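Descriptive analysis of the structure
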Amino acid sequence: MNLSLSDLAPPLRWTPPGQIAPIVEEPKLPAAWWQALPLDRACDIAGVQAVAGRLAELAAACWGHLPLGDILPLLRFSDPAEAERTPESLGKDVVQKLFAGVFERLLEPAPAAVPVLRPDRPLPEVIDAVFTGLDERQLAIARDRLYAAQRATLDELAQRFSVTRERIRQIERDLRDHVESWLGGAEAAPLVAHVTWLRGRLGCAVPADDLAAAVPWHRAELRTLGIPAWRFVRTLLTGYEQADGWLVAGGADDLREKTRQLFADAPRPVAEAVTMVAQLGVREDVAERWILSVPHLRVLDQHVVPWPRSINDKAEAVLAVAGRPLSPEEIQERIGEDYSLVGIRNQLTSDERFRRVDRNKYGLSRWGGDEYLGIREMIVREIERAGGEASVSTIVTNLTSRYDVSESSVRAYSGGPGFERTQRGWIRVAGTSPAGESGPYQPRKDVSETRRSFRSRDGRWWHRVDVNPEHLRGSGSPLPTGFAAYLGMAPGGQLTASTPSGDVVISWHNQPTMGSIRNVLADFKAAEGDHVFLTVSDGGELLTRYLPAAPVAMPPLNRALYLIGYTAPVASEVEGLRLIGARIGLPETATREEVLARLRERGDRDILGFLGG
């Protein structure tokens, strides 16, 4: 015998040597003995049980998900049932026993009379031999059902030959037994050897088209059946599943999940990813194509990244690969899917994984660094860091060197409402003592008692704007004092909220007033009667949610819920009232009368009207 262990066990040929050696090294055998020594010589030196044991240990450690027949294809002929089991399901001792049985049978002395083989005979002719002598009906069942691309049904064949479908099933079973018996004979040995080689060539996963192209004769037509030879060879590759254009050993779903787990922690460069996937048994030359075929993985900037359904997770992957802050526009472009820019901005602002680090740049929170808060809030932060007061020049230098803001904007905010000059010409927050201490403004009505203000499930309060012609013309509009105070404002103050279409300024002189939101409404193509719910994030962004005017035919309870921003169906009025109560700051145990009373106190007459209150 001149076959080494790696000739008989295909995974040994595509598994990195550095992964094999620590497990299968044997003191009595030379380095890389599984490639260098014929199997009979290795077994003479170390013993059959030792060789089988080393292979069983390697199977358990590296190929636990593969069927045993893919690890040692000869097992499919000696023990077909066990060949479909995996090392994980059987355990090392059973696997060693099965491997040893194959080696012992292989090393048995050959019988005295050995049929003369014809190694020079083309393999398509070898395959044709098994079908020579079959009648027309048997050949049709083989061609149109056993080895067809689109299998004929039992009923179709039964009708064609005027027999019962059970008779067709019996002929099909007899054909399978005939082929199986032939494969165990000497005449089929060259083909069996080819299939063993082919398993090593294909690896654990390969594009299905590669089977036809593996060797030239695969595309040759079988004379007896009139089909390409590779279709017959495909049926001999037991243990391979065809899924989405791939041939996969051991189950496609299992291999896909193992592939996804490789990249669950962090993006990996493509070259490193290919090496990692090769350790699962996928050939390196097709590993990248396999990765691209696995759902929820993507190659991005020459890195393999997890690619879940969530826009937040995708944005995190994009930033992780970039390794630097990006604008929402850049993130949208790199995601390359149909996500709105407004939606991406809202997610970047509301998800704690992201941090706004410049006027139009976002990074990952785990990178650290100061958060961009808006010019006014960052001036306050600079004053606090300086101990309660700071020079305007120092503030200008610090902010313009770190952020994409102009000197004129910083100076304008420094001289505006919310700041006052100290005796030495520096500035401090208006209303604070020299030590920098101040108390928050207390409005007459809390935000929970404020008309058209509603709390979302994450605890954030939103204000509903009912769009009117003045909004559409670009006029400013008043804000309730309770909601303005919730945003951190006080009389004399000013807050600038950024949007993709420009800043919106909220100022408080005689009363809180919000500047024009015409550009925001234009982005939504809003019309009179529509609704926009808005709030300001901790990072200074105007967050918005748009709802078109409710259909006239909508039931009253649903109309009431629509006005608080809730659009899903509800099972009963009790559930609807519970949702409304939670949105206006009441506990879940609040009664119907308590909900209606709070709505009256707040002035939400439109909602009361739909509730019959």
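This part covers the packing of aromatic side chains. If you walk through the whole model with that rule in mind, you get 9 aromatic pairs. For the pair W33 and W34, a centre-to-centre distance of 6.2 Å together with 80 degrees between the ring planes defines the contact as edge-to-face. The burial state of W33 is the same as that of W34; both residues are buried. Ring centres of Y372 and Y403 lie 5.5 Å apart, and the angle between their planes is 75 degrees; this geometry places the pair in the edge-to-face category. Here Y372 is found in the loop between β8 (361–364) and α25 (375–385), whereas its partner Y403 is found in the loop between α26 (392–402) and α27 (407–414), with 31 residues between them in sequence. Each of the two residues, Y372 as well as Y403, counts as buried.

Turning next to the sheet that holds strand β17 (residues 531–536). Read across the open sheet, the 4 strands follow the order β11-β12-β17-β18; overall the sheet is antiparallel. Edge positions in the sheet fall to β11 (453–455) and β18 (542–547), since each has one partner strand and no second. The mean angle between the axes of side-by-side strands here comes to 30 degrees, regardless of whether they run parallel or antiparallel. Both strand β12 (residues 461–466) and β17 contribute to a ladder of 4 bridges, which runs antiparallel. Looking across to β17, one finds that H463 is bridged to L534.

Counting 106 residues, the largest nonpolar core has W63, F99, F103 and F131 as its most contacted members. Considering each element in turn, this core owes the most residues, 8 residues, to helix α6 (residues 48–62). Beyond its immediate chain neighbours, meaning those up to four positions away, F99 contacts A52, L55, A56, A59, L68, I71 and L72.

Moving on to the pairing of strand β6 (residues 303–306). Alignment of strand β4 (residues 268–269) against β6, held across 2 bridges, turns out to be antiparallel. Bridge pairing links P269 to H303 in β6. Bridge count between strand β5 (residues 297–300) and β6: 4 bridges; the pairing is antiparallel. In the strand pairing of β6, R298 is matched with V305. Between the end of β5 and the start of β6, which pair antiparallel, lie 2 residues, with D301 showing a positive phi angle near 50 degrees.

What counts, and at which threshold
Counting from 1, residues in each chain are numbered in the order their sequence is written. It should be noted that, the model being predicted, local features are given only for residues of pLDDT at least 70 and side-chain atom pairs only at 80 or more, the latter also being counted only at that level, while totals for whole chains, interfaces and linings use all residues. Note that the side-chain values use all heavy atoms of the structure and ignore hydrogens as well as water. Any Phe, Tyr or Trp ring, taking Trp's six-membered ring, that has another such ring centre within 6.5 Å forms a pair; planes under 30 degrees apart are called stacked, those over 60 apart edge-to-face, and the others tilted. Only protein chains enter the accessibility calculation, which uses a 1.4 Å probe; a residue is then buried when its area is under 20% of its type maximum, exposed when over 50%, and partly exposed in between. Only runs of H or I of at least four residues qualify as helices and only runs of E of at least two qualify as strands under DSSP, and these elements are numbered from the N terminus. Pairing between strands is defined by DSSP: at least two bridges between them are needed. Every axis corresponds to a line fitted to the C-alpha atoms, with the helix fit spanning only the stretch in contact, and the corresponding angles, defined between N-to-C directions, vary from 0 to 180 degrees. Put simply, buried Ala, Val, Leu, Ile, Met, Phe, Trp, Tyr and Cys residues joined by side-chain atoms within 4.5 Å make one nonpolar core. Residues are treated as being in contact if the distance between any of their heavy atoms lies within 4.5 Å.

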